[in-house]
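# Examining the three-dimensional arrangement
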Amino acid sequence: MSDELKAANDVSDAAWAAEAAAKAAYVSARAAWDAEKAVLDDAWAAARAAAMDASEAARAAARAAMDVAREKS
């Protein structure tokens, strides 16, 4: 193999290696993003459920206070 052909082959091999490294980095970043998104989704669901529970409790307390006020009048 001529020196020029070997050099071109080496450049091609390096390009393939760089592409493989880029793909691996993308897969790793995507996995990290998916994991973070799952954590954020879980946190959002928990916060939303807590807010709904607190709102429901506040409405129940308000209804009870209104019932007591009606009974006294």
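Shown above is the structure to which this text applies.
Small disclaimer: the values here were computed from a predicted structure and weren't measured.

## Comments concerning the overall build of the protein
Along the protein, the regular secondary structure elements total 1 helix and 0 strands. Expected size for 73 residues packed as a compact globule is a radius of gyration near 11 Å; at 31 Å, the protein overshoots this value by more than 25%. For the protein, the spread of C-alpha atoms along the three principal axes comes to 105 × 10 × 5 Å. By residue count, 0% of the 73 residues in the protein fall in the buried class. Per element, the accessible surface of the protein, about 6,200 Å² overall, is 65% carbon and sulfur. Side-chain charges in the protein split into 9 positive and 13 negative, and the spacing between the mean points of these groups amounts to 16 Å.

## Remarks on the pattern of salt bridges
This structure, assessed with the given rule, holds 5 salt bridges. Between Asp34 and Arg30 there is a salt bridge; the shortest N-O distance is 3.1 Å. Here Asp34 pairs with Arg30, and both are found in helix H1 (residues 3–72), just 4 residues apart, close to one helical turn. By relative accessible area, Asp34 is classed as partly exposed at 34%. Judged by relative accessible area, Arg30 falls into the partly exposed class, the value being 41%. Residue Arg70 is joined to Asp67 by a salt bridge in which the shortest nitrogen-to-oxygen separation is 2.9 Å. Pair noted here: Arg70 and Asp67 are both in helix H1, with a separation of 3 residues, about one helical turn. Looking at Arg70, the relative accessible area reads 52%, which means it is exposed.

## Brief notes about the environment of Trp44
In this structure, Trp44 sits in helix H1. Between the alpha carbons of Trp44 and Ala65 there is a distance of 31 Å; along the sequence they are 21 residues apart.

Cut-offs applied
- Residues numbered from 1 in each chain as written.
- Predicted model: local features only at pLDDT ≥ 70, side-chain atom pairs only at ≥ 80, totals over all residues.
- Heavy atoms only, no water.
- Helix = DSSP H or I, 4+ residues; strand = E, 2+ residues; numbered from the N terminus.
- Rg over C-alpha atoms; globule rule 2.2 N^0.38 Å.
- Buried < 20%, exposed > 50% of the residue type's maximum accessible area, 1.4 Å probe, protein only.
- Areas by Shrake-Rupley, 256 points an atom, 1.4 Å probe, with all protein chains shown as cover.
- Lys, Arg positive; Asp, Glu negative; His and termini not counted.
- Charge placed at Lys NZ, Arg CZ, Asp CG, Glu CD.
- Salt bridge = Lys/Arg side-chain N within 4 Å of Asp/Glu carboxyl O.

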